[in-house]
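Architecture and fold: a report
Spelled out, the chains give:
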Amino acid sequence: MSQAALKQKPSTQEPAITLELAKSFGLSESEFTLVKDILGRMPTYTELGIFSVMWSEHCSYKSSRLHLKKLPTTGKCVIQGPGENAGVIDIGDGQAAVFKMESHNHPSYIEPYQGAATGVGGIMRDVFTMGARPIANLNALRFGDPSHPKTRTLVKGVVAGISGYGNCVGVPTVGGETNFHKSYNGNNLVNAMTVGLADQDKIYYARGAGVGQPIVYVGSKTGRDGIHGATMASAEFGDGNEENRPTVQVGDPFTEKLLIEACLELMQSDAIISIQDMGAAGLTSSAVEIASKGEIGVVLDLDHVPQREINMVPYEIMLSESQERMLMILKPGSENKARAIIEKWDLDFAVIGHTTDDQHLRLNMYGECWCDIPVPPLVDQAPLYDRPSVPPKAPEKIDNQAFDVSDKGLLGDLKKLIACPDLASKRWIWEQYDSLVMGETIFSPGVANTQALKSGDAALVKIPNKDKALAMSSDVTPRYVEANPFEGGKQAVAESYRNITATGATPLAITNNLNFGNPEKPEIMGQIVAALDGMGEACRALDYPIVSGNVSLYNETSGRAIQPTPTIGGVGVISDYKQAVGLAFTKEGHSIFVIGETKGHLGQSLFLREIHGMEKGDAPHVDLTAEKLNGDFIRAQILSGEISACHDVSDGGLLVAVAEMAMAGKIGCVIEHKADHAASFWFGEDQARYVVVTDNPERLKQAASVVNVPIMKLGITYGTELILDEKISVSDLTRVHERWLPDYMNNISLDNSLTAS
Amino acid sequence: MKSAIIVFPGTNREKDMQMALEHVSGQTPSLVWHKDTSLPNCDLMVLPGGFSYGDYLRCGAMAAHSPIMKEVIDRAKKGTRLLAVCNGFQMLVETGLVPGALLHNQSLKFICKQVHLRAENTQTDFTRRFAKGQVLQVPIAHGEGNYFVNDDTLKSLQDNNQIAFRYCDEDGQATADSNPNGSIYNIAGVFNDSKTIMGMMPHPEDSVVTHANGHQGIPLFQSIVEALA
């Protein structure tokens, strides 16, 4: 199709601007009034579209902004906190880690493959936009109850979408988590995280553009896909949301790969002044962002935007969420140099406008002006709500001693736990992800027989041509956050800190992905406020600041909210990857200890849920002083070579942690410790704990006593069986652990696979 | 030994290959862009892994017609050694330099995992450092690695010792369970009839460098270096 054929002004009339239209775009009556006040007139159709996406929850954070401000975002490693495309931290040697996590929940429910794929694509663009080469992807997935008729299809589609996109682009998918709970039945969560590597002196920002500079469009052509996607992501689902399918974007990982290489090559020159990817709200948000951050105006000639469909109007071009597109401000005169590099990679390159000094966003097409909005009020007067909230209900207390192991015994319950959907091996998922491409992966996902032959509590990826490595993890325990949002918020940060620590790395900073229900409901707003308070307290205590994040609200279907799920993506660094330890038992005859105090907290434990069928009690409380103390101790001991394996104690408690270490190392153990109350001791989920293995028990005990860290011996690594009062072979444990998910995906009877061994 | 790795749009394992070759040979391979029409002077050409052209058409089909491929095919026919891995192997079968086709994995899913391979013919420039029947563990990472040939071609591959590696278990038995993708006769890699070209789906280059947790791909690269030194 020739460009001339595209450039005919369509004859159809745009709808009249009314309050009803504004409401259908997601604006409230007061927001619509404000739009008219800012413009001093009725908006055009294009302008209304632009206001509505910029003021959507997804783009404006209007319900969460007030509370996000309370989070700590500075620290000695922080180069760039929230507000840019991704956070940037100092990892030494003049290098930086650039990272962020972002949700693609709603699209992934409507169209699992494309929704998940474009989630991965979008977050990678946020990272390489800043000049960083993506070196690792992680993902946190939450699906509905396995028995729900849609769950299996969603798992299959989401995993295939992540695999299809990430593998093709050639960035290793090295970690993540997958949980199942009925609260996600109508609203699964897909949170994707990318970590990139950049030189500190080559980081690119959205800010910094000046007047009279060319604005360049690079990447795929613009089509009609994803129009109003940001608005869809800011609304509750009703039944029948499948009709939203056209608002889901379609991903092209091959173009993304070309775009990465082309942008990173161009960034080696000095042509780019400012750059922004076209993510949610597409060309609108990228143009507004560049104008707002540079305090300049922008004129775009939309006729020049590469278009994939005919007869497009400015409304469609500005709101399209077509993927794999970038907007750049170039140094005047460098257009030809830039064009040569972009076209070498067979990508579209078009000068589509220039910057001005009047701080207006002006859009021309077909010889007419379609939009003239003053940028400062569009951004600064975006609605900000202090939504009413009610404090969460006090959780009910339970008596830990009242719950005993079942008649199947300790090992019977252990088998059931390690085969339950939340703890069962996720091999069926991660074997579809290439975790090895780029050749730097030290610890890959899973427990036993992993892709990189080793695994740890965090993924570990070495920095090219250096000995240092980044440790990365994704964590949150939604059932804790639901029972006690404040402690649950703390726990998510603390577990991230522990997982990084358990490899020997120093936790540096986090990104958060806040998935909640409808903030217009006071009890949901109460969850958000309390969870953020808890999160902030933990970040401050652990010196673990938040450098980027994303908020996903309205995760409800027909009035039912998801469990609050503030996912934490943590990043740490270890100066020599050879000092890192995995979770596997490495040798027989080593002593097994638990570090940290075991009180036997069974509230909200998996034991209570899976063995007693109860989701009740308070979440375990997090003693942040103990977290810090124990974490510092663990790290010091790993780095001085005293510890040969380390695993944090989380879901399922101590015995699950020990079993996972045995399965990973294919080595058994003899447990000598006799618990007074077996269920709470072995399955309690007290925080601030690690299981460690050492060949020098006396020295470790001595070191712990010096700094007052609680330490207790559990047993010795030995043989091929897990031996308590009874015993079970490690290979049997592994078989049970590995079986649930493939059986489930192949539709083999659930009950059968859970009870058989 | 001088080597050249061909880079196509969508290639993504060229760095892995570069690190492995450099580690074993001590010389940095050159990267050659697919739009180039001439190759540098080299003893070994490599078609690396990735998703050339997104693999939107049949895997490797587009890349097999890139400008540089004319030169690669010419040189390969004249005897310059050619190693083709994963997406490179898919391109190689598209060129017809070795027989066969690579179909979707039997599970219809992308699979990344460690597999065991048995070296079948250790009399070649690619495999001389392996003992016959030696088992090595290296990863695979592909969605379309299910090697297929018809019975006659299989017979001729066998008769002419053109099978390089077969998937097997830890003990070297080529069982159905150890076949990760449904490849005929558990074939993981093959030679051309003169053994100057080898194509394989697994990634020996990811089991070479010091920081890799496995190192069983090393003899393959040592063989090449020794033969072409």
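Please read all numbers here as calculations on a predicted model, not as lab measurements.

Thoughts on the overall build of chain B
Looking only at helices and strands, one finds five helices and 11 strands in chain B. Relative to the globule expectation of 17 Å for 229 residues, the C-alpha radius of gyration of chain B, 16 Å, shows essentially globular dimensions. When the 229 residues of chain B are sorted by exposure, 56% land in the buried category. Summarising the internal contacts of chain B: among those between residues at least 6 apart in sequence, 76% fall at separations of at least 24.

Observations concerning the overall build of chain A
The secondary structure content of chain A amounts to 27 helices and 28 strands. Taken against the 2.2 N^0.38 rule, which gives 27 Å for 757 residues, the C-alpha radius of gyration of chain A at 26 Å falls within 12% of a compact globule. For chain A, buried positions account for 62% of its 757 residues. Put simply, 84% of the contacts in chain A that link residues at least 6 apart link residues at least 24 apart.

Focus: the pairing of strand E6 (residues 189-199) of chain A
All names here are of chain A. Taking burial as the measure, the 11 residues of E6 include 10 buried ones, the bulk of the element. Note: strand E3 (residues 95-103) against E6, nine bridges, orientation antiparallel. Opposite alanine 97, over in E6, you have leucine 197 as the bridge partner. As paired elements, strand E4 (residues 133-143) and E6 share nine bridges and run antiparallel to each other. Across the sheet, residue arginine 133 finds its bridge partner in E6, namely leucine 197.

What to know about the sheet that holds strand E10 (residues 187-191) of chain B
Residues and elements named next belong to chain B. On the basis of which strands lie adjacent, the open sheet formed by nine strands has the order E2-E1-E3-E4-E11-E10-E9-E6-E7 and mixed pairing. Each having just a single partner strand, strand E2 (30-33) and strand E7 (135-142) make up the two edges of the open sheet. Across the sheet, the axes of successive neighbouring strands diverge by a mean angle of 25°, strand direction being ignored. Note: strand E3 (residues 44-47) against strand E4 (residues 81-85), four bridges, orientation parallel. Bridging from a neighbouring strand, valine 46 pairs with leucine 83 of E4.

Things to note about helix H2 (residues 67-77) of chain B
Residue and element names in this part refer to chain B. Taken residue by residue, H2 has Ile68, Val72 and Ala76 as its buried positions. The arc enclosing the buried residues of H2, seen along the axis, measures out at 70°, which places them on a common side. Across H2 from its buried face, at more than 90 degrees, point the exposed residues Pro67, Lys70 and Asp74. Looking at the buried side of H2, the elements it contacts are strand E1 (3-7), E2, E3, E4 and strand E11 (197-200). Two residues or fewer after H2 comes glycine 79, characterised by a positive phi angle close to 110°.

A closer look at the confidence of the model for chain B
For chain B, per-residue confidence averages 97 on the pLDDT scale, and 100% of positions sit at 70 or higher. Two summary scores accompany this predicted model of the complex, namely pTM at 0.95 and ipTM at 0.97.

Some remarks on the packing of helix H8 (residues 112-128) of chain A against helix H9 (residues 151-169) of chain A
Residues and elements named next belong to chain A. Axis separation between H8 and H9 bottoms out at 7 Å; the angle between their running directions is 40°. Seen along the crossing, H8 lies across H9 with a hand that is right-handed. Where H8 approaches H9, its residues Pro112, Tyr113, Gln114, Gly115, Ala116, Ala117, Val120, Gly121 and Met124 are matched on the opposing element by Leu154, Gly157, Val158, Ala160, Gly161, Ile162, Gly164, Tyr165, Gly166 and Val169. Its residues assigned to classes, the contact of H8 with H9 shows 12 nonpolar, seven polar and no charged.

As for the sheet that holds strand E9 (residues 297-301) of chain A
Residues and elements named next belong to chain A. What the seven strands build is an open sheet, ordered E8-E10-E7-E11-E9-E12-E13; its pairing is mixed. The open sheet has two edge strands with one neighbour each: strand E8 (272-277) and strand E13 (368-374). Pairwise comparison of adjacent strand axes, ignoring direction, gives a mean angle of 20° for this sheet. Sheet analysis places E9 next to strand E11 (residues 348-356), joined by four bridges and oriented antiparallel. Looking at E11, one finds that valine 298 is bridged to threonine 355.

Considering the interface of chain B and chain A
Listed by partner, the interface residues are 25 residues for chain B and 26 residues for chain A. Those elements that place two or more of their residues in the side of chain B that touches chain A are helix H1 (14-25), strand E6 (111-119) and E7 of chain B. Considering each element in turn, the side of chain B that touches chain A owes the most residues, four residues, to E6 of chain B. Looking at side-chain class alone, the side of chain B that touches chain A contains 11 nonpolar, eight polar and six charged residues.

So, the packing of helix H20 (residues 522-542) of chain A against helix H22 (residues 624-639) of chain A
Residue and element names in this part refer to chain A. Packing of H20 against H22 leaves a shortest axis separation of 9 Å and a crossing angle of 40°. Viewed along their axes, H20 and H22 form a crossing whose handedness is right-handed. Here Glu537, Ala538, Ala541 and Leu542 of H20 come into contact with H22, specifically with Leu624, Glu627 and Lys628. A class-by-class count of the residues in the contact of H20 with H22 yields four nonpolar, no polar and three charged.

Concerning unusual backbone geometry
Residue and element names in this part refer to chain A. Phi is positive for leucine 453, close to 70°, though the residue is something other than glycine. Positive phi values are uncommon outside glycine, yet serine 558 reaches one of about 50°. Mapped onto the elements, serine 558 comes out in the loop between strand E19 (556-557) and strand E20 (560-561).

Considering helix H4 (residues 45-54) of chain A
Taking burial as the measure, the 10 residues of H4 of chain A include nine buried ones, the bulk of the element. Along H4 of chain A, the positions that sit buried rather than exposed are Thr46, Glu47, Leu48, Gly49, Ile50, Phe51, Ser52, Val53 and Met54 of chain A.

Some details on the pairing of E1 of chain B
Residues and elements named next belong to chain B. For E1, the tally of buried residues reaches five of five residues, placing the bulk of the element in the interior. Residues Ser3, Ile5 and Val7 point to one face of E1 and Ala4 and Ile6 to the other, with burial holding for every one of them. Sheet topology places E1 next to E3; three bridges connect them, and they run parallel. When the sheet's bridge partners are listed, alanine 4 is paired in E3 with methionine 45. The parallel pair E1 and E2, bridged by H1, forms a crossover whose chirality is right-handed.

Section: the environment of isoleucine 17 of chain A
All names here are of chain A. Summarising the element assignment, isoleucine 17 is placed in the loop between helix H1 (3-6) and helix H2 (19-24). Under the C-beta neighbour-count criterion, isoleucine 17 is labelled partly exposed, with 17 such atoms within 10 Å. Aside from chain neighbours lying at most four places away, what touches isoleucine 17 is Met42, Pro43, Tyr45 and Leu48.

What to know about the nonpolar core
Of all hydrophobic cores here, the largest spans 313 residues; its most connected members are Val493, Val658 and Ala662 of chain A together with Ile6 of chain B. Ranked by residues supplied to this core, first place goes to H20 of chain A with 11 residues. If near-sequence neighbours (up to four positions away) are discounted, isoleucine 6 of chain B is found in contact with Val32, His34, Met45, Val46, Leu47, Ile68 and Val72 of chain B.

Let's talk about the confidence of the model for chain A
Residues and elements named next belong to chain A. Scored by pLDDT, chain A has a mean of 94; 95% of the residues are at 70 or more. Low pLDDT, under 50, characterises residues 1-5; the predicted model gives this stretch three contacts beyond four residues in sequence or across chains. Taken together, the stretch residues 751-757 has pLDDT below 50 and engages in 10 contacts with residues farther than four places along the chain or on a different chain.

A few points about the environment of methionine 278 of chain A
Residue and element names in this part refer to chain A. With respect to the element layout, methionine 278 can be found in the loop between E8 and helix H12 (282-294). Judged by C-beta crowding, with 27 C-beta atoms within 10 Å, methionine 278 ranks as buried. Each C-alpha atom of the pair methionine 278 and arginine 325 lies 5.6 Å from the other, and the pair is 47 residues apart in sequence. In this view, methionine 278 contacts Leu283, Ser286, Arg325, Met326 and Leu327; residues no more than four positions away in its chain are not counted.

Brief notes about the environment of glycine 613 of chain A
Residues and elements named next belong to chain A. Relative to the helices and strands, glycine 613 resides in the loop between helix H21 (606-611) and H22. Residue classification places glycine 613 among the exposed positions, given that 7 C-beta atoms sit within 10 Å. Considering only alpha carbons, one finds glycine 613 and threonine 255, 358 residues apart in sequence, at a separation of 48 Å.

Definitions and limits used
- Residues numbered from 1 in each chain as written.
- Chains lettered and ligands numbered in written order.
- Predicted model: local features only at pLDDT ≥ 70, side-chain atom pairs only at ≥ 80, totals over all residues.
- Helix = DSSP H or I, 4+ residues; strand = E, 2+ residues; numbered from the N terminus.
- Rg over C-alpha atoms; globule rule 2.2 N^0.38 Å.
- Buried ≥ 20, exposed ≤ 12 C-beta atoms within 10 Å, placed from the backbone.
- Contact = placed C-beta atoms within 7 Å.
- Pairing = 2+ DSSP bridges.
- Axes fitted to C-alpha atoms, helices over the stretch in contact; angles between N-to-C directions.
- Arc of directions from axis to C-beta.
- pLDDT = per-residue confidence, 0-100.
- Left-handed = near helix turned anticlockwise from the far one by under 90°.
- Nonpolar A, V, L, I, M, F, W, Y, C, P; charged D, E, K, R; others polar.
- Right-handed = clockwise from strand over helix to strand, strands pointing away.
- Core = buried A, V, L, I, M, F, W, Y, C linked by C-beta atoms within 7 Å.

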